[in-house]
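Okay, here's what each chain looks like letter by letter:
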Amino acid sequence: MQFRQQALAKLQSPEELDLPVRLARPQGWLALGITVVVMAAASVWAVTGSVASTVSAQAVLTHGQGSYLLQSPVAGQVTAVLARQGERLPANAPVLKVRTSQGDSVVRTVAAGRVTTLAATIGQIIQTGTNVAAVERVAHASDPLYATVYVPAENAAAIPAHATVDLTVSSVPAQRYGVLRGRVKAVDRTAQSAQSISAFLGDSQLGEQFTRKGRPVAVLVELERSKATKSGYRWSTTDGPPFGLDSMTFATGSVRLADQRPVDWLLP
């Protein structure tokens, strides 16, 4: 009862009505101000800002026109190998001599290029259509290298023209020499089959390797040139590696996709 009487007395005669009421401490106002500023900045960024994303995929350094698999048009026994691996040959140049039931026949190049692989040896029995060599379509030693990046098909539409590409080259220690710089030159929107990849790269095994997770699209990347580096191309470091680059060198390409606005993620 004593507490009840005190409460009633307090209500009947309120005290300190003339004193100001403190709504918040200065520290509270500071925290509120910072919160408002942060929320305003976030709102502006959500409308005008963008988020950059990339996609990584397997890549190969090649010359622009790729390679082709040279197949024997006849069946028989190889009696002579007339070309050397690494040799640059004109179109219709002799590569192999094959003894057939009708006499000797010569297997010749289809187009000018450099012999990257010789798959036939003297004494070997081959059938019509057997792959006997891989020839890279390159006319001059000074022809520039490109990178072909095999990107998952679902990312093809998000790759803008001239997008930047960073290439981690398998034969170059990235921690020491950095990554190779390039820009998207063309995107083939048609999904690549294992056969089409093999035909372009001149290697049947690569077609299977690059299609294990589905049929990708081929992104042609133009490498940025530089006279200040030994390789002749621009790297993320000043000098890059102290040696040149060869075609059919493997790499991992990181392709920058089109920027996306954060506000779009919230829309249905």
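See the structure shown above.
Keep in mind that this is a model prediction, so the values were computed, not measured.

Undergrad: Would you explain the overall build of the protein in this entry?
TA: Looking only at helices and strands, one finds six helices and 14 strands in the protein. In the protein, buried positions account for 36% of the 268 residues. A separation threshold of at least 6 residues defines the contact pool for the protein, and within that pool the share at least 24 residues apart is 72%. A total accessible area of about 16,500 Å² is found for the protein, and carbon and sulfur atoms account for 54% of it.

Undergrad: Help me out: how do you make sense of the nonpolar core in this one?
TA: Where a protein is soluble and globular, its nonpolar side chains tend to be buried together. Counting residues in hydrophobic clusters, the biggest one holds 29 residues, and the most contacted among them are Val149, Val151, Leu167, Leu180, Val219 and Leu245. Breaking this core down by element, the ones donating at least two residues are β1 (54-63), β10 (145-152), β11 (164-169), β12 (180-188), β13 (216-223) and β14 (249-256). With residues up to four places along the chain from it excluded, the contact list for Val219 reads Ala147, Thr148, Val149, Val151, Ile159, Val184, Ala186 and Val187. Within the second largest apolar cluster, 18 residues are counted, among which are Leu70, Leu89, Ala120 and Ala133.

Undergrad: Explanation requested: the sheet that holds β10 in the structure shown.
TA: Consider a sheet: its strands pair through backbone hydrogen bonds, and that pairing is either parallel or antiparallel. Read once around its circumference, the closed barrel built from six strands follows the order β1-β10-β13-β12-β11-β14, with strand pairing classed as antiparallel. Across the sheet, the mean angle from the axis of one strand to that of its neighbour is 40°, orientation sign disregarded. Two elements, β11 and β14, share five bridges in a ladder whose sense is antiparallel. What sits directly across from Leu167, in β14, is Gly253.

Undergrad: What am I meant to see in helix α4 (residues 194-201) here?
TA: Helical geometry: 3.6 residues make up each α-helical turn, so side chains three or four residues apart lie on a common side. Buried residues of α4: Ala194, Ile197, Ser198 and Leu201, and no others. The buried residues of α4 all sit within an arc of 100° when viewed along its axis, so they share a single face. Where α4 is buried, its residues contact β1, β2 (67-71), β10, α5 (204-210) and β13. Following α4 by one or two positions, Gly202 has its phi on the positive side, about 70°.

Undergrad: Please explain the pattern of salt bridges as it appears in this structure.
TA: Two side chains of opposite charge can pair, provided their charged atoms sit close to one another. Enumeration over the complete set of coordinates arrives at five salt bridges. Between Glu224 and Arg234 there is a salt bridge, with the nearest N and O atoms lying 2.6 Å from each other. Here Glu224 is found in the loop between β13 and β14, whereas its partner Arg234 is found in the loop between β13 and β14, with 10 residues between them in sequence. Taking the relative accessible area as the measure of exposure, Arg234 reaches 36% and is therefore partly exposed. Where salt bridges share partners, they join Arg183, Glu224 and Arg234 into one cluster.

Undergrad: Sorry if this is basic, but what is going on with the side chain of Thr249 here?
TA: The topology assignment puts Thr249 in strand β14. In this structure Thr249 comes out as buried when scored by relative accessible area, which is 12%. For Thr249, the side chain forms a polar contact with the main-chain oxygen of Asp246, separated by 2.6 Å. For Thr249, the residues in contact, after removing those within four places along its chain, are Ala59, Val60, Leu61, Val169, Ser170 and Ser171.

Undergrad: Got a minute to help me understand the pairing of strand β9 (residues 131-136) in this structure?
TA: Side-chain positions along a regular strand alternate between the two faces of the sheet. Summarising burial for β9: five of the six residues are buried, a large majority. The pairing of β2 with β9 spans five bridges and is classified as antiparallel. Counterpart to Gln71 in the pairing with β9 is Asn131. In this structure, strand β7 (residues 113-118) lies alongside β9, joined through four bridges in antiparallel fashion. Paired with Val115 across the strands is Val135, a residue of β9.

Scoring rules and cut-offs
Counting of residues starts from 1 at the beginning of each chain's written sequence and follows it residue by residue. Only residues with pLDDT of at least 70 are given local features in this predicted model, and only at 80 or more are side-chain atom pairs given and counted; all residues enter the totals for whole chains, interfaces and linings. Computation of side-chain values covers all heavy atoms of the structure but excludes hydrogens and water. Each helix corresponds to a stretch of at least 4 residues labelled H or I by DSSP, and each strand to a stretch of at least 2 residues labelled E; elements are numbered beginning at the N terminus. When a residue's accessible area, from a 1.4 Å probe over protein chains only, is under 20% of the maximum for its type it is buried; when over 50% it is exposed; and in between it is partly exposed. Should any heavy atoms of two residues lie within 4.5 Å, those residues are considered in contact. Note on areas: Shrake-Rupley with a 1.4 Å probe; residue coverage comes only from the protein chains shown. For this analysis, a nonpolar core means a set of buried residues of the types Ala, Val, Leu, Ile, Met, Phe, Trp, Tyr and Cys, connected via side-chain atoms within 4.5 Å. Strands were regarded as paired on the criterion that DSSP finds at least two bridges between them. All axes here are fitted lines through C-alpha atoms, helices being fitted over the stretch that makes contact, and every angle between N-to-C directions spans 0 to 180 degrees. The arc under discussion is defined with respect to the helix axis, by the directions toward the C-beta atoms. Whenever Lys or Arg places a side-chain nitrogen within 4 Å of a carboxyl oxygen from Asp or Glu, that contact is recorded as a salt bridge. Any N or O atom pair separated by 3.5 Å or less is treated as a polar contact, with the protein-specific requirement of one donor-capable and one acceptor-capable atom, and with residues adjacent in sequence counted only for side-chain atom pairs.

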